[in-house]
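Residue-level listing of the chains:
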Amino acid sequence: MSVIDSNGNELKDGDSVVVIKSLKVKGTSMTLKQGTAIKNIRLSDDEDEVECKVEKTKLVLKTCFLKKS
């Protein structure tokens, strides 16, 4: 299983990524702004998604909106 970001780079557990598009988070009033850095991602069972923590909130993000930093 290979997890890739929007630029085709392989992602691994513990990588840091940057959000490439502003995203509204379902169920909250929070919006992830473009350019937000996210550290220490975890790979999930789905190769199109990663798990992460942003402002003490656990999120699952699609890899098509992320690029490796």
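In this text the structure is predicted, and so the values were computed from the model without any measurement.

**Quick look at the overall build of the chain**
Across its full length, the chain holds zero helices and eight strands. The order of helices and strands in the chain, counted from the N terminus, is β-β-β-β-β-β-β-β. Here the chain has a C-alpha radius of gyration of 11 Å; the compact-globule value for 69 residues is 11 Å, and the two agree. Overall, the chain is about 35 × 20 × 15 Å in size when its C-alpha atoms are taken along their principal axes. Taken across its 69 residues, the chain has 30% of its residues classed as buried.

**Considering the pattern of salt bridges**
For the coordinates displayed, the defined rule picks out three salt bridges. Of the charged contacts in the structure, one is a salt bridge between glutamate 51 and arginine 42, with a shortest N-O distance of 3.0 Å. Classification of glutamate 51 by relative accessible area gives partly exposed; the value is 27%. Of the charged contacts, one joins lysine 62 and glutamate 49 as a salt bridge, the two residues approaching to 3.7 Å between their closest N and O atoms. Of this pair, lysine 62 sits in strand S7 (residues 57-62) while glutamate 49 sits in strand S6 (residues 49-54); the two residues are 13 residues apart in sequence, bridging distant segments of the chain.

**Looking at the nonpolar core**
Ranked by internal contacts, the top residues of the largest apolar core, which has 16 residues, are Leu32, Ile38 and Leu61. Per-element tally for this core: the top contributor is S6, with three residues. If sequence neighbours within four positions are ignored, isoleucine 38 has contacts with Asp15, Ser16, Val17, Val19, Cys52, Lys53, Val54 and Leu61.

**Some points on the side chain of aspartate 15**
Within the element layout of this structure, aspartate 15 appears in the segment before strand S1 (17-19). Assessed through its relative accessible area of 15%, aspartate 15 is described here as buried. Polar side-chain contacts of aspartate 15 include one of 2.7 Å to the backbone nitrogen of lysine 12.

Conventions used here
Residues numbered from 1 in each chain as written. Predicted model: local features only at pLDDT ≥ 70, side-chain atom pairs only at ≥ 80, totals over all residues. Heavy atoms only, no water. Helix = DSSP H or I, 4+ residues; strand = E, 2+ residues; numbered from the N terminus. Rg over C-alpha atoms; globule rule 2.2 N^0.38 Å. Buried < 20%, exposed > 50% of the residue type's maximum accessible area, 1.4 Å probe, protein only. Salt bridge = Lys/Arg side-chain N within 4 Å of Asp/Glu carboxyl O. Core = buried A, V, L, I, M, F, W, Y, C linked by side-chain atoms within 4.5 Å. Contact = heavy atoms within 4.5 Å. Polar contact = N/O pair within 3.5 Å; in protein donor to acceptor, adjacent residues only side chain to side chain.

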